[in-house]
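Structural overview
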Amino acid sequence: MDKYFNLYREMISLRGLTAHTLKSYSTYIRSYLDYLQHILHKSPEEVSWQELRDYVKWLQKERNLSDRTINCAIAQLRFFTIYVLHKPWDASQLPSRKFDVYLPFVPSQKETFEFIDSIPDIKQKAMVAIMYSSGLRIGEVCRLRYEDISRSTMKVHIRHSKNRQERFAPLSKYALDILTKYWFECGKPTGWLFPKQTAQSRPIDTFFLSRHIHEHEKRLGWPRRITCHSFRHALGTHLYENGVDLLTIKSTLGHKALNSTTIYVHMS
């Protein structure tokens, strides 16, 4: 089964998808190939639609997955069928599932500033401050370079976004002051703005900040509700509450479609 898995990863790479997508898209295909080898004892070419459906049922039962996650597994099976087996995909044989949509938790402006101001570590504080100030994704923060921060224009240059589109995001004086303090106190980095502690030539890992955000919630005595993405959602919501139009918010956050931005109407 290794040859199928390696070909699958190769096809993802050929499509130019990111390393993060490569890792995410490999999760349930490895499980599927193991299922075929140890349970069905079949090659992927021999599998029927009924057996594919049985695998999805087995996967949900064994791992207690949500409907949204099951859809991710189905998407991976679709990619595998089309690009590895070179067979047509019939969505009527294995349809995607309906799932409930919940609004994410968004801290108020008061809670946001209270959270950031009370972070004791200057590096963590700087990362959260720029994440909120400019509405960045955690991956975009981790890949910032020194030259991406423009004091003269008060903008942040995002080179590697989720949509593979460069953009400029606003930089507040509040975030710039914290960034400046961080820069002087943490060795004046001129390459990656937030390098790994053990390897200065590499950007910091995304999970670094997630762990510390939850630790700070615990320190404040708050329930565990905030994630790195909460601050991006917070900026979009707070901008809308302050009267900023949706097209400006869309541009600031780098959304590809306006539909992604309209969530802040419901969250405000």
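Above: the structure in question.
My aim in this report is to walk through the structure given alongside it, one point at a time. (Residues numbered from 1 in each chain as written. Predicted model: local features only at pLDDT ≥ 70, side-chain atom pairs only at ≥ 80, totals over all residues. Heavy atoms only, no water.)

Re the nonpolar core
Of all hydrophobic cores here, the largest spans 43 residues; its most connected members are M127, I130, F194 and L209. Among the secondary structure elements, those contributing two or more residues to this core are α6 (109-117), α7 (122-134), α8 (138-142), β2 (155-158), α9 (173-185), α10 (207-220), α11 (228-241) and α12 (246-253). In terms of residue count, α7 provides more of this core than any other element does, 8 residues in total. If we ignore the near neighbours within four places in the chain, the residues touching F194 are K123, A126, M127, V141, C142, L144, L179, Y182, P203 and I204. By size, the runner-up hydrophobic cluster in this structure holds 28 residues, among which are F5, M11, I29 and L85. (Core = buried A, V, L, I, M, F, W, Y, C linked by side-chain atoms within 4.5 Å. Buried < 20%, exposed > 50% of the residue type's maximum accessible area, 1.4 Å probe, protein only. Helix = DSSP H or I, 4+ residues; strand = E, 2+ residues; numbered from the N terminus. Contact = heavy atoms within 4.5 Å.)

Remarks on empty space enclosed by the protein
This structure, assessed with the given rule, holds 2 cavities of 30 Å³ or more. Empty space within the largest cavity amounts to approximately 50 Å³. The wall of the largest cavity is formed by E140, R143, L144, D148, H157, I158, R159 and H160. Taken as a whole, the second largest cavity holds about 30 Å³ of empty space. (1 Å grid on protein atoms, 1.4 Å probe; cavity = no way out; pocket = protein on both sides within 12 Å on 5 of 7 lines; lining within 4 Å. Points joined across faces, edges and corners; volume = space filled by probe spheres on them.)

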